[in-house]
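Examining the three-dimensional arrangement
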Amino acid sequence: AITGLTTVALLAVLVGHFATRWASGKDDLGLERFHHILQKLIVFLFFALVVCLLVLAVQYFAGAVLHMLIDRYSFAFLGVDVRLQEVRLNPFNGEIYASGLEVSNPPGYKTDFLAIAKTLYFDIDMVPLIFSLTRHIPIEAVVVSGVRLNYEQGLTSSNMMDLVAKLGGSSSTDAEGGEGGEP
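Residues numbered from 1 in each chain as written. Predicted model: local features only at pLDDT ≥ 70, side-chain atom pairs only at ≥ 80, totals over all residues. Heavy atoms only, no water.

A few words on the pattern of salt bridges. Evaluated as defined, the whole model comprises two salt bridges. Between Arg88 and Glu86 there is a salt bridge, with its nearest N and O atoms 3.8 Å apart. (Salt bridge = Lys/Arg side-chain N within 4 Å of Asp/Glu carboxyl O.)

Take a look at the structure:
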């Protein structure tokens, strides 16, 4: 990270210096014959600086955006609240690191949470993900540490079966092979 920021700072200083000299028309170094080359170099350095800044911005804000999406849509998607302390995402190599995961229990169960994990790491293969237009998510690695699960049995189901049923879009009896479900 320091080398990337150092490179961006150096490019900004160089672009600023050359742009100032170019704009003021000063040429005390005898660069008149290279004026067109200098203009092309300044334009190239400017675009390189913009690309570097975009890469850094995307990498910095990708984790914050993913964290916001999980906070906003976890209940609608899972039927339970999902809380995370930190999410870091590198969209260029597909690595996701999350810490402080807490998945609450579905309504009707006594314990506060269904699952807690200290850290999660996912490595996603980005090329097939992009070419499939996100229909297929090829996961290369999943590492979870510090996991604690609370399994609660209800009258007809369990907290985990209710969560799985919500993911599948069916009722808990369908997920267990009951009414209307395939055996």
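Our next topic: the pairing of strand S2 (residues 86-90). Looking along a regular strand, one sees side chains alternate from face to face of the sheet. With five bridges connecting them, S2 and strand S3 (residues 95-104) associate as antiparallel partners. Residue pairing for S3: Val87 is matched across the bridge by Ala98. Linking two consecutive strands that pair antiparallel, namely S2 and S3, is a turn of four residues; a positive phi of about 80° is found at Gly94 within it. (Pairing = 2+ DSSP bridges. Helix = DSSP H or I, 4+ residues; strand = E, 2+ residues; numbered from the N terminus.)

Let us now look at the pairing of strand S4 (residues 113-124). Bridge count between S3 and S4: nine bridges; the pairing is antiparallel. Bridge pairing in S4 links Val103 to Ala115. The pairing of S4 with strand S6 (residues 148-149) spans two bridges and is classified as antiparallel. Bridging from a neighbouring strand, Ile116 pairs with Arg148 of S6. Across six bridges, S4 lies against strand S5 (residues 139-145) in antiparallel orientation. Bridge pairing links Leu120 to Val144 in S5.

Moving on to unusual backbone geometry. One non-glycine residue, Leu133, adopts positive backbone phi at about 55°. With respect to the helices and strands, Leu133 occurs in the loop between helix H3 (126-131) and S5. When its relative accessible area of 63% is taken as the criterion, Leu133 is described as exposed. In this model, Thr134 sits at a positive phi of 65°, which is unusual for a non-glycine residue. When you line up the elements, Thr134 lands in the loop between H3 and S5. (Buried < 20%, exposed > 50% of the residue type's maximum accessible area, 1.4 Å probe, protein only.)

Where helix H4 (residues 159-168) is concerned, the buried positions are Asn159, Leu163 and Ala165. The buried residues of H4 all sit within an arc of 160° when viewed along its axis, so they share a single face. (Arc of directions from axis to C-beta.)

With respect to the helices and strands, Ser104 occurs in strand S3. On the basis of relative accessible area, Ser104 is assigned to the buried category, the value being 10%. Within the structure, Ser104 has its side chain in polar contact with the backbone nitrogen of Asp81 (distance 2.9 Å). Leaving out residues up to four positions away in the same chain, Ser104 has contacts with Val80, Asp81, Asp112, Phe113 and Leu114. (Polar contact = N/O pair within 3.5 Å; in protein donor to acceptor, adjacent residues only side chain to side chain. Contact = heavy atoms within 4.5 Å.)

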